[in-house]
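Each chain, written out:
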Amino acid sequence: MSIEKYDFNEKNILHFKQDKHQIAIATHVLQVYYGNKHALVDGDLEFERYRITSLIGASGSGKSTYLRSLNRMNDNVAKVEGKIIYRGLDVNSSKINVYEMRKHIGMVFQRPNPFSKSIRANITFALKEQGLKDKKKLDEIVELSLKDAALWDEVKDDLDKSAWSLSGGQQQRLCIARTIAMKPDILLLDEPASALDPISTSKIEETLVELKKRYTIIIVTHNMQQASRISDYTAFFHMGHILEYGKTKNVFTTPQIRATNDYISGNFG
Amino acid sequence: MDPIKKKIQSSSRETRQDLLGKVITYTCIALIVLVVLSIFVFVASKGMATFFVNKANFWDFLTGKNWNPSMVDSKGKPMLGALPMIAGSFGVTILAVLFATPFAIGTALYMTEIASHKGERILQSVIELLVGIPSVVYGFIGLSVIVPFVRNNIGGSGYGILSGSFVLFVMVLPTVTSMTVDSLRAVPRFYKEASLALGATKWQTIYKVILRSSTSGILTAIIFGMARAFGEALAVQMVIGNAAVMPTSLLSSASTLTSVLTMGIGNTVMGTVANNALWSLALILLLMSLFFNIVVRLIGRKGRM
Amino acid sequence: MKIKLQNKIAINIIRIIAALVVVILLFLLGDILISGVPHISWHFLTSASQSFASGGGIGVQLFNSIYLLLLTLIISFPISLGAGIFLSEYAPKNIFTSIVRMAIEVLSSLPSVVVGLFGFLLFVVQFQMGFSILSGAIALTFFNLPLLTRNIEESLRAVPDLQREAGMALGLSKWRTVTRVILPEALPGIITGVVLGAGRVFGEAAALIYTAGQSATNIDFGNWNPFNAASPLNLMRPAETLAVHIWKINSEGVMPDASAVSAGASAVLIIVVLLFNIFARIIGNSLYRKLTATK
């Protein structure tokens with residue numbers, strides 16, 4: 001394994017034709033700084049609606065940083081510059097109501113983080129906070145979102161048990177259910193299966209493929225098999241630069257950039 | 001127009017909640033800062049009155065040996081020598097910490113290096129209980145046990161700096177111990193393991209590695225103990241004898257800044273020299289407390305470098 | 001061999017020191033309980049104190065201590081909660097925050113007698129509240145605030161950031177995330193801290209001598225109108241607490257059974273503080289277990 005220098009100007013980025021594809025969210029020259037560290041350079045990506053896009057790359061390549069910037073989860077820890085275009089608005093602006101925005105751009109994290117509440121309350125909590133009081137409607141949403149997350153059959157009799165009594169894989173699916181209960185446009189997932197066993201992982205993958213009928217999904221993953229199995233598009237991140245972006249098949253079979261080729265053939269990372 | 005687009009651009013329940021949260025928490029914190037500031041302003045302004053209103057000489061106040069604020073000396077000036085109390089306060093503080101430090105370090109070493117998990121937990125509870133005993137109870141035990149003990153076995157009336165130090169010793173012991181434990185626990189494990197692997201005995205490791213690398217933490221613990229001893233009022237007041245004269249021995253009746261304050265404030269009239277002089281003592285207490293704080297910060301900064 | 005012997009001696013000295021500390025505590029507890037418990041009776045706990053005659057109880061003082069403690073908690077808890085939330089969730093990393101932190105540290109290390117004197121100056125004299133329960137509760141609040149604030153801050157900090165992100169990612173406001181998600185998870189730690197702090201407040205005397213006063217006026221336990229001067233709930237009446245009572249009778253008490261009364265009162269004080277300690281542990285543990293769903 002050699003540490004090779006790659007030319008960061010050499011890029012191969014897919015841009016969609018506006019009339020043929022619907023763009024759910026896009027970024028223009030997005031920069032992220034942690035203090036003096038320039039963690040993401042010139043992030044320029046467009047994400048097609050109702051598709052799964054994988055963000056791959058080695059640890060520290062900036063893929064999670066990029067993902068977390070999309071719904072402004074990095075606001076407190078980093079300086080984010082550039083544009084994030086969602087519904088024709090630049091949501092990376094101080095005039096934007098981030099709370100409202102996050103209801104439409106939901107996020108699931110690397111480690112399962114259910115609230116210390118019952119399974120039911122984990123899903124209804126944010127809805128109630130928004131003012132939804134109708135109990136029947138809430139029960140309906142609980143059932144639907146748990147079914148969507150492929151968890152319903154396992155927990156339907158224990159909805160009032162603490163979410164912390166579930167297994168890690170179940171907790172993560174509950175977190176997915178909790179996020180889709182908000183009926184977001186876009187689902188951001190930050191290595192959602194990295195802390196889970198293979199069975200839970202494949203369950204989550206099945207769930208995601210099912211969900212892309214109604215949601216735009218952007219997923220950060222370490223696992224290249226996972227990326228090639230479930231995603232339509234793949235972006236390759238390297239040392240804060242996005243070097244290649246295109247159809248998953250193309251990126252994995254005929255990468256145009258040397259760094260991408262080296263990464264997917266296992267030469268580093 | 002896209003309703004979602006519109007929502008994202010306007011304020012909502014959440015933005016109002018967040019404003020409310022900020023207002024509430026900033027108010028609470030401002031209130032605390034205000035309290036601290038007013039304590040300093042009020043006590044300082046009262047304490048300075050002795051020098052600015054009653055024209056007492058600051059140096060004479062610190063070094064004078066005669067304390068009798070309601071009387072005047074041959075030159076017609078009130079007798080405002082605070083040295084007896086200052087000496088008393090420092091006397092009990094230093095002695096108490098001298099007694100407590102070896103016990104605290106020993107106990108802390110036992111808890112972190114020698115004891116089993118169970119032994120450690122027992123001592124942890126012992127320390128917590130010692131902290132929990134109210135100071136008047138310490139004073140009462142001092143009166144009923146320590147004072148007679150000193151009188152019968154060592155000499156004097158039993159009231160005095162020695163008895164005060166004994167009481168304070170037990171009172172500062174838990175403070176110093178638990179902070180020493182914290183600093184011993186902060187010593188990286190591999191220091192200890194490296195030393196033991198080189199064939200050093202447990203004691204050599206403790207003495208040459210563990211204690212050396214936690215010196216600044218132990219020093220901080222001792223300063224905290226001193227701060228606590230210096231500011232303690234009732235327990236000391238109950239056993240020290242409360243004679244505002246220069247202490248001549250550890251066994252003679254003496255007084256501290258705090259003991260004179262607790263006895264005197266109620267017996268003097270607001271605005272009189274005698275009363276103002278007491279506030280000056282309170283100011284000294286306040287400044288000493290600040291001083292201990294600053295020392296702790298300095299040690300902390302040095303320890304980090 | 002010399003080194004080994006040295007090691008053995010040193011380790012044994014450490015053991016002896018630790019044992020001595022345990023002995024000191026056992027002696028203290030034993031002394032108080034043995035000399036005090038025999039004086040505790042229903043009569044002692046409920047009847048009024050005597051100034052010159054023997055046979056006085058501590059009923060009024062005990063009530064005052066409890067009432068004062070409750071008032072102090074009612075005033076200090078909300079403020080510390082707000083301040084603790086500020087420090088753990090909102091505090092920006094700037095000079096203002098470091099000044100705030102220093103102020104809290106200074107307040108926590110101020111001698112309680114100074115805090116009491118400040119309360120005396122400001123509330124008793126300046127605001128003409130006189131020696132009163134309210135003045136006392138405010139002084140105790142000053143004494144309790146820094147400890148409680150720090151405890152709440154630490155308990156909140158112990159909740160992983162993952163939980164904050166979970167709330168934020170659902171579009172909850174920061175305030176609701178903190179109050180509805182983080183705070184409930186920090187509750188076991190907070191309650192343990194509050195109860196331990198309550199033990200300290202219950203035994204505090206120096207801050208009260210010149211604020212709540214040193215006299216226990218006769219109160220009429222049949223009258224619960226807080227605006228009546230004889231009512232136990234009246235906020236403006238002077239109120240000697242148990243701890244102040246112990247100090248008072250030992251400093252200037254003239255009743256013939258002063259030492260018996262102080263022994264009994266000390267024992268009551270210690271028992272209450274012990275109960276607070278045990279209670280804090282039990283409630284903290286059981287809340288924690290309930291929270292983490294481990295049975």
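Residues numbered from 1 in each chain as written. Chains lettered and ligands numbered in written order. Predicted model: local features only at pLDDT ≥ 70, side-chain atom pairs only at ≥ 80, totals over all residues. Heavy atoms only, no water.

Q: Before we go on, may I ask you to explain the nonpolar core in this structure?
A: Most often, soluble globular proteins keep nonpolar side chains buried together rather than apart. One finds Leu146(A), Leu208(A), Trp67(B), Val136(B), Tyr138(B) and Leu281(B) to be the most contacted residues of the largest nonpolar core, which totals 226 residues. For this core, the leading source of residues is helix α3 (residues 59-90) of chain C, giving 15 residues. In this structure, Tyr138(B) is in contact with Leu130(B), Ile133(B), Val167(B), Val170(B), Met171(B), Ala235(B) and Leu28(C), ignoring residues within four places of it in sequence. Ranked by size, the runner-up nonpolar core spans 39 residues in total, among them Val98(A), Ile242(A), Ile4(B) and Ile8(B). (Core = buried A, V, L, I, M, F, W, Y, C linked by side-chain atoms within 4.5 Å. Buried < 20%, exposed > 50% of the residue type's maximum accessible area, 1.4 Å probe, protein only. Helix = DSSP H or I, 4+ residues; strand = E, 2+ residues; numbered from the N terminus. Contact = heavy atoms within 4.5 Å.)

Q: Explain the environment of Val131(B) here, please?
A: Tracing the backbone shows Val131(B) in helix α5 (residues 117-132). Separated by 21 residues in the primary sequence, Val131(B) and Asn152(B) place their C-alpha atoms 29 Å from one another.

Q: Would you explain the pattern of salt bridges in this entry?
A: If the charged atoms of two oppositely charged side chains come close together, the side chains can form a pair. Residue and element names in this part refer to chain A. Taken as a whole and judged by the stated rule, the model has 29 salt bridges over all chains. Residue Arg51 pairs with Glu48 through a salt bridge whose shortest N-O separation is 3.7 Å. Residues Glu100 and Lys103 are paired through a salt bridge, measuring 3.2 Å at the closest nitrogen-oxygen approach. Here the residue Glu100 and the residue Lys103 both occupy positions in helix α2 (residues 98-104), the gap between them amounting to three residues, near one helical turn. A cluster of three or more residues bridged by salt bridges with shared partners is formed by Arg120, Lys135, Asp139 and Asp160. (Salt bridge = Lys/Arg side-chain N within 4 Å of Asp/Glu carboxyl O.)

Q: What's the story with helix α1 (residues 63-70) of chain A in this structure? I'm lost.
A: Residue and element names in this part refer to chain A. Of all eight residues making up α1, seven are buried, and the element is well covered by its neighbours. What α1 keeps buried is the set Lys63, Thr65, Tyr66, Leu67, Arg68, Ser69 and Leu70. Just beyond α1, the residue with positive phi is Arg72, at close to 60 degrees.

Q: Honestly, the UniProt feature "transmembrane region" (unreviewed entry) in chain B in this entry has me stumped. Any pointers?
A: All names here are of chain B. Those residues carrying the UniProt feature "transmembrane region" (unreviewed entry) are residues 20-44, 85-110, 122-147, 159-181, 218-240 and 277-299 in this numbering. With 91% helix and 0% strand, the stretch residues 159-181 has end C-alpha atoms that lie 33 Å from each other. Here residues 218-240 runs as 91% helix and 0% strand, with 29 Å between its end C-alpha atoms. (UniProt positions renumbered as here; feature names shortened; annotations may be inferred.)

Q: Would you mind going over the UniProt feature "domain: ABC transmembrane type-1" (unreviewed entry) in chain B with me for this structure?
A: Following the UniProt record, one finds the feature "domain: ABC transmembrane type-1" (unreviewed entry) at residues 86-296 of chain B. Between the C-alpha atoms that bound residues 86-296 of chain B the distance is 21 Å, and the span itself is 79% helix and 0% strand.

Q: What's the story with the interface of chain B and chain A in this structure? I'm lost.
A: Interfaces are often described in size by the accessible area the parts lose on coming together. Counting from both sides, the interface comprises 14 residues of chain B and, opposite them, 15 residues of chain A. Buried surface at the junction of chain B and chain A, summed over both partners, amounts to about 1300 Å²; 56% is from carbon and sulfur atoms. When the buried area of chain B at its contact with chain A is split by residue, Ile4(B), Ile8(B) and Glu14(B) rank highest and sum to 45% of it. The interface formed by chain B and chain A holds two salt bridges in total. Among the salt bridges present, the one from Arg87(A) reaches Asp2(B), with a minimum N-O distance of 2.6 Å. For the pair chain B and chain A, the number of links is seven residue pairs in polar contact (both at pLDDT 80 or more). (Buried area = accessible area lost by both parts, 1.4 Å probe. Polar contact = N/O pair within 3.5 Å; in protein donor to acceptor, adjacent residues only side chain to side chain.)

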